[in-house]
Structures are given as structure tokens and as C-alpha cells.
Number of protein chains: 2
Amino acid sequence: MHLSIACLAKPVLYSYFRSSCSWRVRIAFALKGIEFKLVPVNLIKDGGQQLSEQYRKLNPMQQVPAVEIDGITLCQSLAVIQYIDETRPGPRLLPADPKTRAKVRMISDLIASGIQPIQNLSVLQKVGEEKVPWAQHFINRGFQALEPILKETSGKYCVGDEISMADICLVPQVYNAERFKVDMGQYPTIRRLNETLLELEAFKVSHPSQQPDTPANLQA
Amino acid sequence: MHLSIACLAKPVLYSYFRSSCSWRVRIAFALKGIEFKLVPVNLIKDGGQQLSEQYRKLNPMQQVPAVEIDGITLCQSLAVIQYIDETRPGPRLLPADPKTRAKVRMISDLIASGIQPIQNLSVLQKVGEEKVPWAQHFINRGFQALEPILKETSGKYCVGDEISMADICLVPQVYNAERFKVDMGQYPTIRRLNETLLELEAFKVSHPSQQPDTPANLQA
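Source: prediction; values computed, not measured.

A.B. asks: Can you break down the pattern of salt bridges residue by residue, with the values?
C.D. replies: Applying the stated rule across the entire model yields twelve salt bridges over all chains. Measuring nitrogen to oxygen at the nearest pair gives 3.4 Å for the salt bridge that ties A:K10 to A:E35. Linking A:K10 in the loop between α1 (5–8) and β1 (12–15) with A:E35 in the loop between α2 (20–32) and β2 (37–40), this pair joins segments that are 25 residues apart in sequence. You can call A:K10 partly exposed: its relative accessible area is 48%. The shortest N-O distance in the salt bridge between A:R105 and B:E86 comes to 3.1 Å. You can see A:R105 sitting in helix α5 (residues 98–112) and its partner B:E86 sitting in helix α4 (residues 77–87), one on each of two chains. Each of the salt bridges in this network shares a partner with another, and the network as a whole consists of A:E86, B:R101 and B:R105.

Structural data, given as C-alpha cells:
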């Protein structure tokens with residue numbers, strides 16, 4: 001039997017402790033029980049290590065995360081998570097039923113396309129001094145849409161009682177909301193789901209406060 | 001045999017002729033040969049018809065598209081496209097091989113999360129008078145990343161020689177780039193793929209210049 005080195009090697013995750021998109025992938029690895037090697041990329045230090053020529057080869061968007069897995073390099077967190085889900089055993093991150101799957105993808109994309117990109121580092125750097133009200137505005141707009149959707153779809157978790165990619169997207173987005181001092185009291189369903197999810201081991205070990213590159217003053 | 005009315009009914013697409021995310025769904029319906037009912041939502045008229053209370057019930061994000069299909073209402077174009085792909089016959093929009101699929105999703109998400117949301121209507125309204133250079137900046141940043149990726153993955157189309165969701169995302173994004181006068185000469189691979197795809201019937205019939213709500217002066 002012939003196995004290539006790429007298939008035997010652990011996946012490599014290029015990650016920044018506080019990046020919500022990196023955290024999504026860390027949660028997915030943890031839920032699936034996949035061991036991986038983490039390489040920190042500091043988005044602030046040296047003017048942003050993601051902007052180096054070396055890193056650009058891994059992710060031409062010069063953002064985290066990037067993942068080396070099974071001999072290919074992938075970026076875009078939801079593409080990575082779905083690849084992991086389709087190729088690895090462990091709990092399904094997308095449900096089997098097409099309608100339920102569609103709801104999971106709708107919630108995931110509402111966050112991953114509708115909220116996060118508009119309040120990420122490169123956009124806020126461009127916005128300049130108005131960055132906090134800008135981030136609050138777009139997170140609130142997204143959460144005002146998400147709250148009634150989740151009220152309908154959620155059980156114990158975002159869609160029914162099984163963990164899914166939607167939960168993987170929700171928790172890091174709430175973390176960003178809290179960084180920008182969004183009033184979470186307006187979103188009781190989001191808050192309840194977030195609290196439930198944060199109790200789970202996979203969300204704890206992957207948390208920004210627990211990473212090898214977490215600065216000492218932000219460690220929990 | 002019991003069939004509900006929802007299953008017999010044509011899907012309903014809430015669409016705006018010039019919305020790139022609406023166009024994605026129109027392309028997917030056309031590629032799959034699915035008949036649908038189109039309901040125009042004018043994003044400009046009446047202060048934006050997507051902001052009405054009635055429309056908010058369909059899509060709480062108050063954006064187009066929204067789709068009523070098989071008794072459920074879905075928003076987020078990539079969730080809709082993947083639902084169509086998983087439940088309808090016709091050409092696959094996501095390839096069967098997991099690695100190839102991951103590349104299709106990576107390219108789709110690079111556009112759908114990494115470019116489009118930062119240059120969509122609601123963000124540009126917030127940006128104000130600097131909106132053209134803002135849109136150019138973020139489209140260029142995305143295309144500078146996309147060009148080398150597509151150079152590697154493309155054959156006749158974005159990923160190899162089969163049409164996929166990546167192509168469905170690419171063409172409407174190039175349309176936006178041209179609206180904002182981005183110099184496409186910098187992106188020969190993107191330009192070549194766009195030209196090839198625009199020759200296909202599914203891209204022609206779904207084009208912004210061919211919609212029931214296209215203003216007379218923009219009809220081709």
C-alpha cells in the first residue's frame with residue numbers, strides 16, 4: 001500500500017489567536033478530533049506578517065487562515081471546514097437533510113459574507129478613526145437579521161439540537177461583537193446559543209485566550 | 001401519492017436586475033434548467049423596496065436575493081445555489097471530488113466573502129462620496145489574489161473544464177468591477193474566463209441587461 005507523505009502529515013493551520021476566521025477552523029478541527037500543527041501569523045507585528053511575500057504564496061488574499069492539508073493549500077474558512085467535514089470522520093458539521101443543510105449554510109454565510117468581512121482588520125484600517133461605530137453598525141445590522149432567524153431554527157444549538165457549521169461561525173462573531181462593545185442584550189437567542197456553545201470543550205480549547213500566540217495579558 | 005402545493009410550485013426568486021448576488025442565483029437556475037417566477041425588488045426606488053416590512057419577513061438582512069423553494073424561504077446566494085445543486089438534476093455545480101470541490105468553494109468564497117460584501121450597496125452608501133475609489137480598492141485587492149489562483153486552477157472554466165459555482169460567482173463580480181471602472185487589463189486569466197462564460201446561454205439569459213426589471217436605457 002502506498003501512502004504519500006502529504007496524507008500522513010498533520011494539517012498545518014496558519015492562524016492568529018484573535019482572528020475569528022482562524023477560530024472557526026480551530027473549532028472544526030477540535031470538534032472532529034483532528035490533530036494539527038499551528039503556525040502563528042501575527043497580523044499586527046512587523047506591519048502585518050500576513051503581508052509577507054512568503055505568506056502571500058499560501059494565501060494570496062494575505063489573510064488568515066490558510067491550511068495545508070492532504071497535499072493542497074486551502075484558504076477561506078468555510079471551504080476548509082466543509083473539506084474537513086467531507087473527508088474526515090467524527091460528528092457531521094453539515095446535516096444530512098438538504099433543507100437543514102441549506103439553513104446551516106444560510107446562517108453561516110450571513111455571518112461569513114454579511115457581517116465579518118465588513119468589520120475585518122483590512123476594512124477597519126481603511127475606515128480609520130470611525131472604526132468602532134462602523135463595526136458596531138454592521139454587526140448590529142447582521143445580528144438584527146440573525147436573531148429572528150435563529151429564534152426559528154434553533155434548538156439547543158443554531159439549527160436544531162446538533163452542532164453545525166452555523167455554531168462554528170456564530171461564537172467567533174459574538175466574540176468580535178463583544179470586542180466592539182455591541183450591546184448583546186438586544187439579542188437573547190444569539191446570547192443564549194453563545195453561552196451554551198462556550199461550555200463545550202471544542203470551543204474552549206480553540207478560544208483566542210488559549211492559543212500559543214495569545215499575548216500574556218489576554219490569556220484566560 | 002400526496003404532493004404538497006409547495007413541491008409543485010415553481011421557485012420564486014426575489015431579484016434586482018443589477019444585483020450580483022441575484023445574478024448568481026439566476027445563472028444557477030438557468031444552468032440547471034429550472035423554471036422560476038421572478039419578483040423584482042427595486043433597491044433604489046421608494047428609498048429601497050428591500051427595506052419594507054413585508055420584504056424583511058422574506059430576508060431579514062433586507063438584501064436580495066431571497067428564494068421561496070420547496071416550502072422554505074432561503075437567502076444567501078451560495079446557500080441557495082448549493083441547495084439547488086443538491087436537490088435538482090442537471091449539471092453539477094459542485095464537482096464530486098472533495099479536493100476539487102474545496103477549490104470551487106475557496107474561489108466562490110473569496111468572491112462572496114472577500115470582495116462583494118465590501119463593495120455592496122449598503123456599504124457604499126455608508127462610505128459616501130469616496131465610494132468609487134473604495135470599491136476599486138477592494139475589488140483590485142480581491143482580483144490580485146484571484147488571478148494567480150485561477151491561473152493554477154482554471155482550464156476552460158474557473159476550475160478545470162467543467163462549469164461550477166466558482167464561475168457563477170466570477171462573472172457577476174467582473175460585471176461589478178467594470179461598473180466601477182477597474183482596469184481589467186491587469187487580470188488576463190479573469191478576463192479570459194469571463195469572456196468565455198459570457199458566451200454561454202445560461203449567462204446570457206440571466207444577464208442584468210435582460211431582466212424584466214431592467215430599465216429601458218440599460219437593456220442590451
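Here the narrative resumes.
A.B. asks: Tell me what's going on with the nonpolar core, and back it up with residues and numbers.
C.D. replies: Soluble, globular proteins show a tendency: their nonpolar side chains are buried together. Ranked by internal contacts, the top residues of the largest apolar core, which has 130 residues, are A:W134, A:F143, A:L170, B:W134, B:F143 and B:L170. Contact partners of A:W134, with chain neighbours within four places excluded, come to A:I118, A:V123, A:L124, A:V127, B:V123, B:K126, B:V127 and B:W134.

A.B. asks: Explain the sheet that holds strand β1 (residues 12–15) of chain B residue by residue, including any values.
C.D. replies: Residues and elements named next belong to chain B. Taken in spatial order, the four strands make up an open sheet running β2-β1-β3-β4, and their pairing is mixed. Among the strands making up the open sheet, the edge pair consists of β2 (37–40) and β4 (72–75). The sheet shows a mean angle of 20 degrees between the axes of neighbouring strands, direction not considered. Bridge count between β1 and strand β3 (residues 66–69): three bridges; the pairing is antiparallel. In the strand pairing of β3, Y14 is matched with A66.

A.B. asks: How would you sum up α2(A)? Please name residues and give values.
C.D. replies: Residues and elements named next belong to chain A. Helix length check: α2 (13 residues) gives 19 Å between terminal C-alpha atoms against 18 Å at 1.5 Å per residue, within 8%. Extensive coverage of α2 is indicated by the burial of twelve of its 13 residues. Every buried residue belonging to α2 is among S20, C21, S22, W23, R24, V25, R26, I27, A28, F29, L31 and K32, and all of these are buried. Once α2 ends, the next one or two residues include G33, with phi positive near 70 degrees.

A.B. asks: Run through the domain arrangement of chain A, naming residues and quoting values.
C.D. replies: Residues and elements named next belong to chain A. Taken domain by domain, chain A consists of domain 1 (5–91 + 208–218) and domain 2 (98–204). Every contact between the two is made by 17 residues of domain 1 and, on the other side, 22 residues of domain 2. Seen at the junction of domain 1 and domain 2, the total is zero salt bridges. Put simply, domain 1 and domain 2 have two residue pairs in polar contact (both at pLDDT 80 or more) between them. Breaking the side of domain 1 that touches domain 2 down by element, the ones donating at least two residues are α2 and α4 (77–87). Broken down by element, the side of domain 1 that touches domain 2 gets its largest block of residues, eight residues, from α2. Considered class by class, the residues forming the side of domain 1 that touches domain 2 number ten nonpolar, five polar and two charged.

A.B. asks: Quick rundown of the packing of α4(B) against helix α8 (residues 165–179) of chain B? Include the residues and the values.
C.D. replies: All names here are of chain B. Across the interface, α4 lies against α8 with an axial gap of 11 Å and an inter-helix angle of 145 degrees. Handedness of the α4/α8 crossing: right-handed. Residues L78, I81 and Q82 of α4 form the contact with α8, whose own contacting residues are M165, I168 and C169. In terms of residue class, the contact of α4 with α8 is built from five nonpolar, one polar and no charged.

Calculation criteria
- Residues numbered from 1 in each chain as written.
- Chains lettered and ligands numbered in written order.
- Predicted model: local features only at pLDDT ≥ 70, side-chain atom pairs only at ≥ 80, totals over all residues.
- Heavy atoms only, no water.
- Salt bridge = Lys/Arg side-chain N within 4 Å of Asp/Glu carboxyl O.
- Helix = DSSP H or I, 4+ residues; strand = E, 2+ residues; numbered from the N terminus.
- Buried < 20%, exposed > 50% of the residue type's maximum accessible area, 1.4 Å probe, protein only.
- Core = buried A, V, L, I, M, F, W, Y, C linked by side-chain atoms within 4.5 Å.
- Contact = heavy atoms within 4.5 Å.
- Pairing = 2+ DSSP bridges.
- Axes fitted to C-alpha atoms, helices over the stretch in contact; angles between N-to-C directions.
- Expected span 1.5 Å × (residues − 1).
- Domains from an automatic or database assignment.
- Polar contact = N/O pair within 3.5 Å; in protein donor to acceptor, adjacent residues only side chain to side chain.
- Nonpolar A, V, L, I, M, F, W, Y, C, P; charged D, E, K, R; others polar.
- Left-handed = near helix turned anticlockwise from the far one by under 90°.

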